[in-house]
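What follows is each chain in one-letter form.
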Amino acid sequence: MTTLQLVWFIIIGVLFAGFFFLEGFDYGVGMSVLTLAKDEDERDQVIASIGPVWDGNEVWLITAGGAMFASFPYWYSALFSGYYLVLFIILFGLIIRGVSFEFRSRTDPSKKGIWDWTLGLGSFIVPFMFGIMFISMVQGMPMDSHGNVWAGFTNYVNLFSVVGGVALTLLAYLHGLNYIGLKTEWPLRDRVKKYAEVLYPILYIGLVAFAVLMYFKTDFFQVHFVGTLSLLAVIVLLSVIAHIAVIKNNEGLAFATSGLTLVALVALLFQGLFPRLMISSNNSKFDLLITNSSSSPYTLKVMTIVVCTFLPIVLLYIGWTYYIFRKRVSGKKSKTKSTGY
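The shown structure was predicted, so the numbers you read here are calculated from the model rather than taken from an experiment.

S.K.: Explain the packing of helix H4 (residues 59–71) against helix H15 (residues 297–324) to me, using residue names and the numbers behind them.
M.R.: Between H4 and H15, the shortest axis-to-axis distance is 12 Å and the interhelical angle comes to 170°. As summarised for this structure, H4 and H15 are arranged roughly antiparallel, according to the angle between their axes. Facing H4, whose interface residues are Trp60, Ala67, Ala70 and Ser71, H15 presents Thr299, Leu300, Met303, Leu315 and Ile318. Taken together, the residues of the contact of H4 with H15 sort by class into seven nonpolar, two polar and no charged.

S.K.: Which residues make up the layout of surface pockets, and what are the values?
M.R.: Estimates place the volume of the largest pocket at around 720 Å³. Forming the walls of the largest pocket are 31 residues, and the residues nearest its centre are Leu15, Trp60, Thr63, Leu311 and Val314. Within the residue set of the lining of the largest pocket, elements represented by two or more residues are helix H1 (3–35), helix H3 (54–57), H4 and H15. The biggest single contributor to the lining of the largest pocket is H15, with eleven residues. When grouped by side-chain class, the residues that make up the lining of the largest pocket number 24 nonpolar, six polar and one charged.

S.K.: Can you lay out the environment of alanine 78 for me, pointing to particular residues and giving the numbers?
M.R.: Position of alanine 78 relative to the elements: it lies in helix H5 (residues 73–82). Relative accessible area serves as the criterion here: at 1%, alanine 78 is assigned to the buried category. Among all residues touching alanine 78, those that are not within four sequence positions of it are Gly147, Val149, Met278 and Leu288.

So, how was this worked out
Residues numbered from 1 in each chain as written. Predicted model: local features only at pLDDT ≥ 70, side-chain atom pairs only at ≥ 80, totals over all residues. Heavy atoms only, no water. Axes fitted to C-alpha atoms, helices over the stretch in contact; angles between N-to-C directions. Helix = DSSP H or I, 4+ residues; strand = E, 2+ residues; numbered from the N terminus. Parallel < 35°, antiparallel > 145°, perpendicular 65-115°, else oblique. Contact = heavy atoms within 4.5 Å. Nonpolar A, V, L, I, M, F, W, Y, C, P; charged D, E, K, R; others polar. 1 Å grid on protein atoms, 1.4 Å probe; cavity = no way out; pocket = protein on both sides within 12 Å on 5 of 7 lines; lining within 4 Å. Points joined across faces, edges and corners; volume = space filled by probe spheres on them. Buried < 20%, exposed > 50% of the residue type's maximum accessible area, 1.4 Å probe, protein only.

Structure (structure tokens):
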């Protein structure tokens, strides 16, 4: 394995981690429109909290897919062909979620409820189906020597993948609640705390079930025992810190740690895969490896130069955007002036 191959495997992991950290709270906020907000004013307030940033956050997913295509084309082709229907459902969720922002702001007030539901539904579909995809992938899929995936329904949808989908959705929802607590005024902030205090104990149960199923359904503990155990402990620790931060009204810490929990989850999955990219459940000889699935050294070198040149600019722009829209969003019921989008 060359250094550039390893670097690009890490870069793709970082891109997915950035996607789930930033876009994860967007999904949580979208689900909160149906579950947290009690009236139209609060729904407007919740949606306005992500109005300036949600579409920019989705760029991380596009970049991750593009980086995978350019650096590991065999991984890209196996993943996108083997998970065609799953990715189609994810795309459907992204589409109905994206259009709901625009149509809701331009439709008759009496019809806003339709777009509230499409926003909430799309925000649920995407993290749940990503959980299904990633967890079924780390279990292993039936593959042949050419990287073709021949999977049935139960290879995609089974106990472990459903638990993973629910866990990822719940993490995104809690991340969104913490973001709303950080970005809005009362009474939403008070309700966020009440919801989170109920949901964190449920999350602990889900994390225990996830860890147990990972032990029996994957080879992570056999291949990377220390790394797997350490990252599972980090995920639990970050969740506990976020829970305590919610109780103590430390909204910034709660948001940061809930986001880092998603980052740690991505790190757990990628370190368990290493040095593989796709795991064959029928024959380990058919596994896609980093060493035999990458682009040419020249391609990786050029891509590295491009990333080193433009990544700092992109990160500065993202930081500037969040700084500009750092103020809390107020509704009509709040004493302070509203700052929508």
